[in-house]
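A closer look at the structure
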Amino acid sequence: MTILTLDTHAFHAAAPKGLRHESADLTPAQFHDRYCEHTGPIRLGDWSPAGSRSADFAVTLEFTDHLRTVVASGSLVAAMTSALYEEGYHIEILQFHQRRTGEGTATFVQCECNGRRGWGAALADDSAESTVRAMIAGVNLLGS
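A brief look at the structure comes next.

Rules of the game
- Within any chain, residue numbers begin from 1 and follow the written order of that chain's sequence.
- Where totals are concerned, whole chains, interfaces and linings use all residues; where local detail is concerned, this predicted model gives features only for residues with pLDDT of at least 70, and gives and counts side-chain atom pairs only at 80 or more.
- In computing side-chain properties, one takes all heavy atoms of the structure into account and sets aside hydrogens as well as water.
- Note on ring pairs: Phe, Tyr and Trp rings are taken, using the six-membered ring of Trp, and paired if centres are within 6.5 Å. Classes follow the plane angle, with under 30 degrees stacked, over 60 edge-to-face and the rest tilted.
- Numbering of helices and strands runs from the N terminus; a helix is a DSSP stretch of H or I covering at least four residues, while a strand is a stretch of E covering at least two.
- As used here, the term nonpolar core means buried Ala, Val, Leu, Ile, Met, Phe, Trp, Tyr and Cys residues forming a set that is joined through side-chain atoms within 4.5 Å.
- Relative accessibility under 20% of the residue-type maximum defines a buried residue, over 50% an exposed one, and the middle range a partly exposed one, all with a 1.4 Å probe and only protein chains included.
- When checking whether two residues touch, look at their non-hydrogen atoms; a contact exists if any pair is within 4.5 Å.
- Here the arc refers to the set of directions running from the helix axis out to each C-beta atom.
- N or O atoms within 3.5 Å of each other form a polar contact, as long as, within protein, one can give a hydrogen and the other can take it, and as long as residues adjacent in sequence are counted only when both atoms are side-chain atoms.
- Between N-to-C directions, angles span 0 to 180 degrees; the directions come from axes that are lines fitted to C-alpha atoms, helices contributing only their stretch in contact.
- Any angle between 65 and 115 degrees counts as roughly perpendicular, while under 35 counts as roughly parallel, over 145 as roughly antiparallel, and the rest as oblique.
- Less than a right angle of anticlockwise turn of the near helix away from the far helix marks a crossing as left-handed, whereas a clockwise turn marks it as right-handed.
- Each residue gets one label: Ala, Val, Leu, Ile, Met, Phe, Trp, Tyr, Cys and Pro are nonpolar, Asp, Glu, Lys and Arg are charged, and the others, such as Gly, are polar.

1. Quick word on the packing of aromatic side chains
Considering all chains together, one arrives at two aromatic pairs under this definition. The interplanar angle of 50° and the centroid separation of 4.9 Å between the aromatic rings of F31 and Y35 together place this pair among those described as tilted. Note that F31 and Y35 are positioned in helix 3 (residues 28-35) at a spacing of four residues, about one turn of the helix. A centroid spacing of 6.1 Å and a plane angle of 25° characterise the contact between F63 and Y89, whose relative ring orientation is stacked. Here F63, found in the loop between strand 2 (56-62) and strand 3 (67-73), pairs with Y89, found in the loop between helix 4 (76-86) and strand 4 (91-100); they are 26 residues apart in sequence, far enough to count as distant.

Structural data, given as structure tokens:
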């Protein structure tokens, strides 16, 4: 698992148009704090390929009082959405945007959770890990 150092200018430039507009007045630190922070009731515990196919993943989520491992074969977004829903986080992914940057894969997800809408964002070496981190950021920002 590799957490990348953000080149916030490149990261912001990779964001979808609506998010770039929404965050135009934020400093790089404010952008990171608002959209990328992973503090909240859910944390990424472990991340690894699971199996021989490139579309198989195992994700361990740390909740306040327990762990949950999600094994995805194929659609990681669908597997994560289902697992989070079963844990009481009724998340809906409204928009998904992902781009390769010089630093890694940037993922931006517009989520709705608990009647609130907002963006989660992440940057990681691997596109699937970036997806998981962005979804967790979105749930933590909206669900807490």
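Now that the structure has been shown, the text picks up again.
2. Observations regarding the nonpolar core
By size, the foremost hydrophobic cluster in this structure holds 27 residues, and its most contacted members are V59, L61, M80 and L84. Only strand 1 (43-49), strand 2, strand 3, helix 4, strand 5 (105-113) and helix 5 (127-143) provide two or more residues apiece to this core. Examining the composition of this core, we find that seven residues originate from one element, helix 5, more than from any other. Residues in contact with V59, not counting those within four places in the same chain, are L44, D46, W47, R68, T69, V70, L76, M80 and V132. One finds F11, A14, A106 and W119 within the second-largest nonpolar core, a separate group that totals 13 residues.

3. Overview of helix 4
Residues of helix 4 that are buried include every one of L76, A79, M80, A83 and L84, and no others. The arc enclosing the buried residues of helix 4, seen along the axis, measures out at 125°, which places them on a common side. Within two residues after helix 4, G88 carries a phi angle of roughly 100°, on the positive side.

4. Some details on the environment of R68
Turning to its location among the elements, R68 is positioned in strand 3. Judged by its relative accessible area of 22%, R68 falls in the partly exposed class. Sequence spacing of R68 and L84 is 16 residues, and the spatial spacing of their C-alpha atoms is 9.6 Å. Once residues within four sequence positions are removed from consideration, R68 is found in contact with V59, T60, L61, F63, A83, E86 and E87. Here the side chain of R68 touches E86 through a polar contact of 2.4 Å, side chain to side chain. Looking at R68, its side chain comes within polar contact range of the side chain of E87, at 3.1 Å.

5. Here's the deal with the packing of helix 4 against helix 5
Taken N-terminus to C-terminus, the directions of helix 4 and helix 5 make an angle of 30°; their axes are 10 Å apart at the nearest point. One way to sum up the angle between helix 4 and helix 5 is to call them roughly parallel. Once helix 4 is placed against helix 5, the crossing between them reads as right-handed. Residues L76, V77, M80, T81 and L84 of helix 4 pack against A128, T131, V132, M135, I136 and V139 of helix 5. A per-class count over the contact of helix 4 with helix 5 returns nine nonpolar, two polar and no charged.

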